[in-house]
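Next come the chains, spelled out residue by residue.
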Amino acid sequence: MNFTPKTCIRAPHDQLCPHFPDDQTDFSAVFEYRLINTAAQDPFDHHAWQAFVALNWPLATDGTPAEALTSAPDTPDTLRVWSGFARRDDVFRPDRAAMCPDSADATVRTRDLVQADGTVLIDQSGNFVVYETRMNPVAEAYIRDNALDTRAGQAAFDPRPVEFPQGRLGAQALPATVLLKTSWRVMQSGESGYLTASGLIHVAAERSASAAPLCLPVTLGMVGMHIVTRVASGNGDEWLWTTFEHRDNVPIAGSARHVNSLFAHELFPQGCTHPGDAAGRKWSFYNPARVDQPTNAPSRGADWSWTDQPPHARIGSELATPPQIVRCWDLMEGTRAVNGIWQARLADSVLHNYMLVSSQWRGANSSPIFPHGELPRFLTNTTVETFAQIDPDGTCLGCHTAARTATGADANFTFLLGAAE
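Below is a short write-up of the structure. (Residues numbered from 1 in each chain as written. Predicted model: local features only at pLDDT ≥ 70, side-chain atom pairs only at ≥ 80, totals over all residues. Heavy atoms only, no water.)

## Considering the layout of surface pockets
Stage number 1. The calculated volume of the largest pocket comes to roughly 1200 Å³.
Stage number 2. Surrounding the largest pocket, 45 residues form its lining, Arg88, Gln115, Ala116, Lys181 and Phe415 being those nearest its centre.
Stage number 3. Elements that contribute at least two residues to the lining of the largest pocket include exactly strand E3 (130–135), strand E4 (177–186), strand E5 (196–203), strand E6 (214–230), strand E7 (240–246) and helix H6 (396–400).
Stage number 4. Tallied by class, residues from the lining of the largest pocket come to 22 nonpolar, 11 polar and 12 charged.
Stage number 5. Counted as a void, the second largest pocket has a volume near 380 Å³. (1 Å grid on protein atoms, 1.4 Å probe; cavity = no way out; pocket = protein on both sides within 12 Å on 5 of 7 lines; lining within 4 Å. Points joined across faces, edges and corners; volume = space filled by probe spheres on them. Helix = DSSP H or I, 4+ residues; strand = E, 2+ residues; numbered from the N terminus. Nonpolar A, V, L, I, M, F, W, Y, C, P; charged D, E, K, R; others polar.)

Here it is as structure tokens:
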């Protein structure tokens, strides 16, 4: 397989650009992938970085992409390409965050306070992580044009299958469907090195320590970004699954396994252990001085709440103790190399502080080891699926095969449609 990495999907290919890669054509389907290797993975990893840079490209004052990645000021008020994507609550169900005063002034407006499994994540500053889900205009148009934004519309759409548009390149070019999920921590005074955004967090009364709804204006720093893309090539009809994190999120566990290290009766018999040496660096979700505490343990109890003053996290009536989070699956060597290439190119941008964890795609036939043919078998983001890293369902593609609409039909790998009322 001949593959020449491109920085931009359009010519000139060696320049950083805001053009989203609407397909992944550098793919060989002539043999069956059994284990993931650099030659197979590199095209997907470079595609992931192209997407990450394009989505986070700053916008000029007229709303178009800035001339260069560093030509727009990097401040919480800087709008980026994804800023123009519809939020989930713009399309589905009442948007309570938008009911807050001055909500229109915030770039990130969210009421998503928990992960998919219902757990909360607390950083070392004692603040909860919050989440936001968005869709690009292709996805939004497909949902609205087919009335899939309501339960009644979904019922009327049956028995037709849900099929989000696939991106294509060439003479019959079509833009891809793109879905995003981002995770954010509340920034502290003096912190830097994060892509930041002005934020507005809505906390419902039942999760407020004062029992009154809260509208919290804060500065948020991005700690994670899922990018899900449906394309025509590279088995992308089952979507390409990509996740990025800030480099200072968590250290690698002492017992971390390689992505191909799957042949064992029990993958983590001792759990994901503390790293041998994580000192000398400030991590957002790990404290090297607290090796007496268990790793990757969810915050105890369901009695968590927000206060209106930082640190915002409470468990019961007490300040919350942040969990000790480590990364259970090590980055693939090839992915590390691809990260180095892109981080060097982005040295003058805040984006160089982020890393690709991996890209997942369907590259194998279903088997006991690869239930859905996904490569790599496991893929999670330590800020989005923190406590599911070693679960059998710790796989993007595998988890999303169960996605259904609000009426119970197959939802084409996205849980978005289940939010319809």
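## Details of the packing of aromatic side chains
Stage number 1. Applying the stated criterion across every chain, the model contains 17 aromatic pairs.
Stage number 2. The interplanar angle of 85° and the centroid separation of 4.9 Å between the aromatic rings of Trp49 and Phe244 together place this pair among those described as edge-to-face. Note that Trp49 is positioned in helix H1 (residues 38–55) and Phe244 in strand E7, a separation of 195 residues in sequence.
Stage number 3. When the centroid spacing of 5.9 Å and the interplanar angle of 65° are considered together, the rings of Phe164 and Trp239 count as edge-to-face. Residue Phe164 is located in the loop between helix H4 (151–157) and E4, and its partner Trp239 is located in the loop between E6 and E7; the two are separated by 75 residues in the primary sequence.
Stage number 4. Residue Phe164 is classed as buried on the basis of its relative accessible area, which comes to 1%.
Stage number 5. Three or more aromatic residues link up through ring pairs in this structure, and these residues are Trp49, Phe52, Phe244, Trp342 and Tyr354.
Stage number 6. Directly above the ring of Tyr131 sits Lys181, whose terminal nitrogen or CZ lies 5.6 Å from the centroid.
Stage number 7. Sitting above the plane of the Trp304 ring, Arg207 keeps its charged end 4.0 Å from the centroid. (Phe/Tyr/Trp six-rings, centres within 6.5 Å; stacked < 30°, edge-to-face > 60°. Buried < 20%, exposed > 50% of the residue type's maximum accessible area, 1.4 Å probe, protein only. Lys NZ or Arg CZ within 6 Å of the ring centre and 35° of its normal.)

## Considering the pairing of E7
Stage number 1. Counting buried residues in E7 gives 7 out of 7 residues, a clear majority hidden from the surface.
Stage number 2. The two faces of E7 match: Leu240, Thr242, Phe244 and His246 on one face and Trp241, Thr243 and Glu245 on the other face are all buried.
Stage number 3. As judged from the 6 bridges shared by E7 and strand E13 (residues 354–362), these two strands associate in the antiparallel manner. Opposite His246, over in E13, you have Tyr354 as the bridge partner. (Pairing = 2+ DSSP bridges.)

## Examining empty space enclosed by the protein
Stage number 1. Using the criterion set out here, one finds 3 cavities of 30 Å³ or more in the structure.
Stage number 2. By volume, the largest cavity amounts to about 110 Å³.
Stage number 3. If you go around the largest cavity, the residues you meet are Val259, Arg327, Trp329, Asp330, Leu331, Val357, Ser358, Pro376, Phe378, Leu379, Thr380 and Gln389.
Stage number 4. The set of elements that each furnish at least two residues to the lining of the largest cavity consists of strand E12 (327–329) and E13.
Stage number 5. Taken together, the residues that form the lining of the largest cavity break down as 7 nonpolar, 3 polar and 2 charged.
Stage number 6. In this structure, the second largest cavity spans a volume of roughly 50 Å³.
Stage number 7. Along its surface, the second largest cavity is lined by Arg87, Arg88, Asp89, Arg109, Thr110, Arg111, Asp112, Tyr131, Glu132 and Thr133.

## Some points on the pairing of E4
Stage number 1. Extensive coverage of E4 is indicated by the burial of 9 of its 10 residues.
Stage number 2. Summarising the sheet, E3 and E4 pair through 6 bridges and their orientation is antiparallel. Within the sheet, the bridge partner assigned to Thr133 lies in E4 and is Lys181.
Stage number 3. Where E4 lies against E6, 10 bridges are found, and the strand directions are antiparallel. Paired with Ser183 across the bridge in E6 is Gly224.

## Some points on the packing of H1 against helix H5 (residues 333–345)
Stage number 1. Packing of H1 against H5 leaves a shortest axis separation of 9 Å and a crossing angle of 35°. In terms of crossing hand, the pair formed by H1 and H5 is right-handed. Here H1 contributes Thr38, Gln41, Asp42, Asp45, His46, Trp49, Gln50 and Val53 to the contact with H5, which in turn contributes Gly334, Thr335, Val338, Asn339, Ile341, Trp342 and Gln343.
Stage number 2. In the contact of H1 with H5, the residues fall into 5 nonpolar, 8 polar and 2 charged. (Axes fitted to C-alpha atoms, helices over the stretch in contact; angles between N-to-C directions. Left-handed = near helix turned anticlockwise from the far one by under 90°. Contact = heavy atoms within 4.5 Å.)

## Some points on H5
Stage number 1. Given a rise of 1.5 Å per residue, 13 residues ought to cover 18 Å, and the 19 Å separating the end C-alpha atoms of H5 matches this to within 8%.
Stage number 2. Within H5, the full set of buried residues consists of Gly334, Thr335, Val338, Asn339, Trp342 and Gln343. Along the long axis of H5, the arc covered by the buried residues comes to 165°, so they all point the same way. Turned more than 90 degrees from where H5 packs its buried face, Glu333 and Ala344 sit exposed.
Stage number 3. Contact partners of the buried residues in H5: H1 and E13. (Expected span 1.5 Å × (residues − 1). Arc of directions from axis to C-beta.)

Keep in mind these values describe shape, not function.
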